[in-house]
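Next come the chains, spelled out residue by residue.
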Amino acid sequence: MLFFSYFKDLVGREVTVELKNDLAIRGTLHSVDQYLNIKLENTRVVDQDKYPHMLSVRNCFIRGSVVRYVQLPPEGVDIDLLHDATRREARGG
Amino acid sequence: MSTGPGLESLVDQTISVITNDGRNIVGILKGFDQATNIILDESHERVYSTKEGVQQLVLGLYIIRGDNISIVGELDEELDSHLDLSNLRAHPLKPVIH
């Protein structure tokens, strides 16, 4: 639940989602759900020449199970807050 | 989860699905469920290759199991109509490796 809440706070930010098929998609985070499925708006594929498969897609839903990384804007990360929250979760709530 | 990234807003719209084995299937979203299982009507597959332009294979009514879905994209008809698929060459997408 921690990362679900964390991603909810990032809604509206520009992120890059790297998938397990090596495709990287950049866009504005529109929403997240409990499975960490992600919806992006104003999307563009990072290497469009190599991957023209989504040229006519501007909004997309990415299944949480295929996400490898989410690259965040540095200002979207509060390290102290995350440290505290992960420690609390590790202790069992 | 009413605010979550559901597919409600895409029902009856043309979507472009990328599957875990790297296929690209385009069709009209008719239904979906919690597991991202999807019903696609009037669907076709777009086959990318480096040797020739994009081939379109007619598939018709399809159900895709959620496990095999990577991306569901809203197809912008305006942008799509400007694509010259017959001259578009690319390697097929790599399969997802978990």
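Residues numbered from 1 in each chain as written. Chains lettered and ligands numbered in written order. Predicted model: local features only at pLDDT ≥ 70, side-chain atom pairs only at ≥ 80, totals over all residues. Heavy atoms only, no water.

*Asks:* I'm lost on the overall build of chain A in this one. Help?
*Replies:* For chain A, the helix and strand inventory stands at two helices and five strands. Helices (α) and strands (β) of chain A occur, in sequence order from the N terminus, as α-β-β-β-β-β-α. Its C-alpha atoms give chain A principal-axis dimensions of about 45 × 25 × 20 Å. Relative to its 93 residues, chain A shows a buried fraction of 46%. Counted over contacts in chain A with a minimum sequence separation of 6, partners at least 24 positions apart contribute 46%. (Helix = DSSP H or I, 4+ residues; strand = E, 2+ residues; numbered from the N terminus. Buried < 20%, exposed > 50% of the residue type's maximum accessible area, 1.4 Å probe, protein only. Contact = heavy atoms within 4.5 Å.)

*Asks:* Would you mind showing me how to read the sheet that holds strand E4 (residues 57-62) of chain A here?
*Replies:* Strand order in this open sheet of ten strands is E5(A)-E1(A)-E2(A)-E3(A)-E4(A)-E5(B)-E1(B)-E2(B)-E3(B)-E4(B), and the pairing throughout is antiparallel. Strands at the two margins of the open sheet, each flanked by one partner only, are strand E5 (67-71) of chain A together with strand E4 (55-64) of chain B. Recorded for the sheet is a direction-independent mean angle of 35° between the axes of neighbouring strands. Bridge analysis of strand E1 (residues 14-19) of chain A against E5(A) gives four bridges, and the strand direction is antiparallel. Bridge pairing links A:Leu19 to A:Val67 in E5(A). (Pairing = 2+ DSSP bridges. Axes fitted to C-alpha atoms, helices over the stretch in contact; angles between N-to-C directions.)

*Asks:* Got a minute to help me understand the pattern of salt bridges in this structure?
*Replies:* Residues and elements named next belong to chain A. Per the stated rule, a full pass over the model turns up ten salt bridges over all chains. Glu18 is paired through a salt bridge with Arg68; the nearest N and O atoms lie 2.9 Å apart. Here Arg68 lies in strand E5 and Glu18 lies in strand E1, a separation of 50 residues in the sequence. Residue Glu18 is classed as buried on the basis of its relative accessible area of 17%. (Salt bridge = Lys/Arg side-chain N within 4 Å of Asp/Glu carboxyl O.)

*Asks:* Just to check I follow, could you spell out a nonpolar patch on the surface for this structure?
*Replies:* Residues and elements named next belong to chain B. Judged by side-chain polarity, Ile39, Leu61 and Ile63 come together as a nonpolar surface patch covering roughly 320 Å² of accessible area. Here Ile39 shows up in strand E3 (residues 38-47). Residue classification places Ile39 among the partly exposed residues on the basis of a relative accessible area of 34%. (Patch = residues over 30% accessible without salt bridge, like charges linked within 9 Å, V, L, I, M, F, W, Y side chains within 5 Å. Areas by Shrake-Rupley, 256 points an atom, 1.4 Å probe, with all protein chains shown as cover.)

*Asks:* Sorry if this is basic, but what is going on with the UniProt feature "domain: Sm" (unreviewed entry) in chain A here?
*Replies:* According to UniProt, the "domain: Sm" (unreviewed entry) feature falls on residues 2-76 of chain A. Annotation note: span residues 2-76 of chain A, helix share 11%, strand share 45%, distance between end C-alpha atoms 15 Å. (UniProt positions renumbered as here; feature names shortened; annotations may be inferred.)

*Asks:* Whenever I open this one, the nonpolar core confuses me. Can you help?
*Replies:* Nonpolar side chains in soluble globular proteins tend to be buried together. Ranked by size, the top nonpolar core spans 25 residues in total, and within it A:Val17, A:Leu23, A:Ile25, A:Leu40, A:Met54, A:Ile62 and B:Ile71 carry the most contacts. Secondary-structure elements contributing two or more residues to this core are helix H1 (2-9), E1, strand E2 (24-32), strand E3 (38-45) and E4 of chain A. Non-local contacts of A:Leu23, meaning those with residues more than four positions away in its chain, are made with A:Val17, A:Glu18, A:Val45, A:Tyr51, A:Met54, B:Ile71 and B:Leu93. By size, the runner-up hydrophobic cluster in this structure holds twelve residues, among which are B:Leu10, B:Ile15, B:Ile25 and B:Ile38. (Core = buried A, V, L, I, M, F, W, Y, C linked by side-chain atoms within 4.5 Å.)

*Asks:* Help me understand the packing of aromatic side chains, please; the structure alone is not making it clear to me.
*Replies:* The relative placement of two aromatic rings is captured by the distance of their centres and the angle of their planes. All names here are of chain A. Counted according to the given criterion, the structure contains two aromatic pairs over all chains. Judged by centre distance (6.1 Å) and plane angle (75°), the rings of Phe3 and Tyr6 are edge-to-face. Of this pair, Phe3 and Tyr6 both sit in helix H1, separated by three residues, roughly a single helical turn. Of the aromatic side chains, those joined through ring pairs into one cluster are Phe3, Tyr6 and Phe7. Stacked on the ring of Phe4, the Lys or Arg Lys8 has its end atom at 4.3 Å from the ring centre. (Phe/Tyr/Trp six-rings, centres within 6.5 Å; stacked < 30°, edge-to-face > 60°. Lys NZ or Arg CZ within 6 Å of the ring centre and 35° of its normal.)

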